[in-house]
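Commentary on secondary and tertiary structure
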Amino acid sequence: MRTFVWTGEDEPRIEIARVEVDGATLRAEGTQIGIAYELRYALDAGTLRLEVMGGRSRVVEPEDADFVDLGFSPLTNTLPIRAHELHQGGVPRDYVMALVDVPALELVRSEQRYEPFAPGLVRFRSGDFSAMLELDDDGFVVRYPGLAVRAFPATA
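Keep in mind that this is a model prediction, so the values were computed, not measured.

Focus: the packing of aromatic side chains
- A full pass over the atoms with the stated rule returns eight aromatic pairs.
- Seen from their ring centres, Phe124 and Tyr144 are 6.0 Å apart, and the 55° between their planes marks the pair as tilted. In this pair, Phe124 is assigned in strand β10 (residues 121-126) and Tyr144 in strand β12 (residues 141-144), connecting sequence segments 20 residues apart.
- Grouping aromatic residues by their ring pairs yields a cluster made of Phe67, Tyr95, Tyr114, Phe124, Phe129 and Tyr144.

Following this line, the structure appears as structure tokens:
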């Protein structure tokens, strides 16, 4: 079990995730705290269970999407990256994501492209938005410019 902590770059926010990796399978439990919300989640076998504290809960299945994507979460960007080892190189890949808007928990379809740029660097694109994701050797996000930076484990 590994623990990751990301802090917001764009606004006060923190995400703490406890992650278990077994081959290609990633399971996680975490908490994301923003200015006006606290969200708890569990990710297992592609299913994302969500609960906004004091409010709504939701279960998101990928269904016709490739992966689930939790808004403001660097962890869920790791799913397609690790699935195809994009942090180590390869060819650009397009995905359809089941994106959960936070904190409303509304589900939207999101077309995303991940382009390996160099070892540890993958360009993320969605519509007109683009960001160069910095990754560790295992494909976990270290920095998502404008969104989050990993505070723990610290990186050199």
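Quick look at the environment of Met97
- Checked against the element boundaries, Met97 lands in strand β8 (residues 93-100).
- Using a relative accessible area of 1% as the deciding quantity, one classes Met97 as buried.
- Along the primary structure Met97 and Pro153 are separated by 56 residues, whereas in three dimensions their C-alpha atoms are 27 Å apart.
- Among all residues touching Met97, those that are not within four sequence positions of it are Ala65, Phe67, Val68, Asp69, Pro80, Val108, Arg109, Ser110, Gln112 and Tyr114.

Calculation rules
Residues numbered from 1 in each chain as written. Predicted model: local features only at pLDDT ≥ 70, side-chain atom pairs only at ≥ 80, totals over all residues. Heavy atoms only, no water. Phe/Tyr/Trp six-rings, centres within 6.5 Å; stacked < 30°, edge-to-face > 60°. Helix = DSSP H or I, 4+ residues; strand = E, 2+ residues; numbered from the N terminus. Buried < 20%, exposed > 50% of the residue type's maximum accessible area, 1.4 Å probe, protein only. Contact = heavy atoms within 4.5 Å.

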